[in-house]
Amino acid sequence: MRSLSDLFRNFVQLGYVTDDIDAAALYLESAMGTGKCVKSYTASLGGGRPPAHAGAGRSAFVVVDGVPADEWCIDVALVNAGPTNLEVIRPVRGAVGLYRDAVRPGQPATLHHVGFTVDDFDEATAVVEASGRSWKQFGDSGEIRFGYLDMRAELGHFVEVMELGQPTARWLAQIDESARKL
């Protein structure tokens, strides 16, 4: 990877925000004709801390605006439209202003980010830093290492970059396979 555009090679996801995860899922399923959304309520990464050095063990954490979040909790709904993953996030509590600030109350969903996968999140971070930027939010769930670039001024949305662990990659492939059977 040499430039920011290299981060955009492996498109995987359209990310939306909402104030009602159940209404958003119903909208995708009924009005948009997707398969059934897989929902996860009160997913939390708050309270963890990034590793102190390379090679340290992985634990769940999220950093927002350079500060480790003590509390970070969201609801999530996932479904595929063909090979494209649709993610809907409802901010619940804690350091989730990145999502909350984009919600249009009463609307089923609002575009928030476009997601891409990378093989090496550390390499992606080096590209981001070399461009003079930093992650607006980044973290590690234990299965997904992710970061959000604030590209709202230039592109009108955030860009999420993800390094997927094998269980998550298989799980997303299963969601994709389910969508293909519709």
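Since the model is a prediction, treat every value here as computed from it, not as a measurement.

This part is about the pattern of salt bridges. Applying the stated criterion across every chain yields a total of ten salt bridges. Between aspartate 70 and arginine 49 there is a salt bridge; the shortest N-O distance is 2.6 Å. With aspartate 70 in the loop between strand E4 (67–68) and strand E5 (72–81) and arginine 49 in the loop between strand E2 (38–44) and strand E3 (61–64), the pair connects residues that are 21 residues apart, well separated along the chain. Residue aspartate 70 is classed as exposed on the basis of its relative accessible area of 60%. With relative accessibility at 40%, the residue arginine 49 sits in the partly exposed group. The salt bridge involving arginine 90 is made with aspartate 75; its shortest N-O contact spans 2.9 Å. Of this pair, arginine 90 sits in strand E6 (residues 84–94) while aspartate 75 sits in strand E5, placing them 15 residues apart in sequence. With relative accessibility at 24%, the residue arginine 90 sits in the partly exposed group. Connected through salt bridges with shared partners, the residues Asp122, Arg145 and Glu163 form a single ionic network.

Along helix H1 (residues 21–30), the positions that sit buried rather than exposed are Ile21, Ala24, Ala25 and Leu28. For H1, the buried positions fall inside an angular range of 100° around the axis, keeping them on one side. When the buried face of H1 is taken as reference, the exposed residues oriented beyond 90 degrees from it are Leu26 and Ser30. Where H1 is buried, its residues touch E2, E5 and E6.

Moving on: the pairing of strand E7 (residues 110–117). Within E7, seven of the eight residues are buried, which leaves it mostly tucked inside the rest of the structure. As judged from the six bridges shared by strand E1 (residues 11–17) and E7, these two strands associate in the antiparallel manner. For glycine 15, the partnering residue across the bridge sits in E7 and is histidine 113. Inspection of the sheet shows E7 paired to strand E10 (residues 157–164) by five bridges, in the parallel sense. Its bridge partner being in E10, valine 114 is matched across the sheet by valine 159.

For the rest of this paragraph, the subject is the sheet that holds E2. Read from one edge of the open sheet, ten strands run E2-E5-E6-E1-E7-E10-E9-E8-E3-E4, paired in mixed fashion. Among the strands making up the open sheet, the edge pair consists of E2 and E4. Of the strand pairs in this sheet, E2 and E5 are connected by five bridges, and their pairing is antiparallel. Of the residues in E5, the one forming a bridge with valine 38 is leucine 78. Contacts between H1 and the sheet are confined to E2, E5 and E6, with E6 contributing the most and set at about 170° to the helix. Contacts between helix H3 (residues 121–130) and the sheet are confined to strand E8 (137–140), strand E9 (144–151) and E10, with E9 contributing the most and set at about 20° to the helix.

Let's shift gears to H3. Among the residues making up H3, those that are buried are Phe121, Ala124, Thr125, Val127 and Val128. The arc enclosing the buried residues of H3, seen along the axis, measures out at 160°, which places them on a common side. Those residues of H3 that are exposed and angled more than 90 degrees off the buried face are Glu129 and Ala130. For H3, the elements touching its buried residues are E8, E9 and E10. Looking at where H3 begins, the residue whose side-chain oxygen comes 2.9 Å from the main-chain nitrogen of aspartate 122 is aspartate 120. Just past H3, the residue glycine 132 takes up positive phi, approximately 85°.

What counts, and where the lines are drawn
Residues numbered from 1 in each chain as written. Predicted model: local features only at pLDDT ≥ 70, side-chain atom pairs only at ≥ 80, totals over all residues. Heavy atoms only, no water. Salt bridge = Lys/Arg side-chain N within 4 Å of Asp/Glu carboxyl O. Helix = DSSP H or I, 4+ residues; strand = E, 2+ residues; numbered from the N terminus. Buried < 20%, exposed > 50% of the residue type's maximum accessible area, 1.4 Å probe, protein only. Arc of directions from axis to C-beta. Contact = heavy atoms within 4.5 Å. Pairing = 2+ DSSP bridges. Axes fitted to C-alpha atoms, helices over the stretch in contact; angles between N-to-C directions. Polar contact = N/O pair within 3.5 Å; in protein donor to acceptor, adjacent residues only side chain to side chain.

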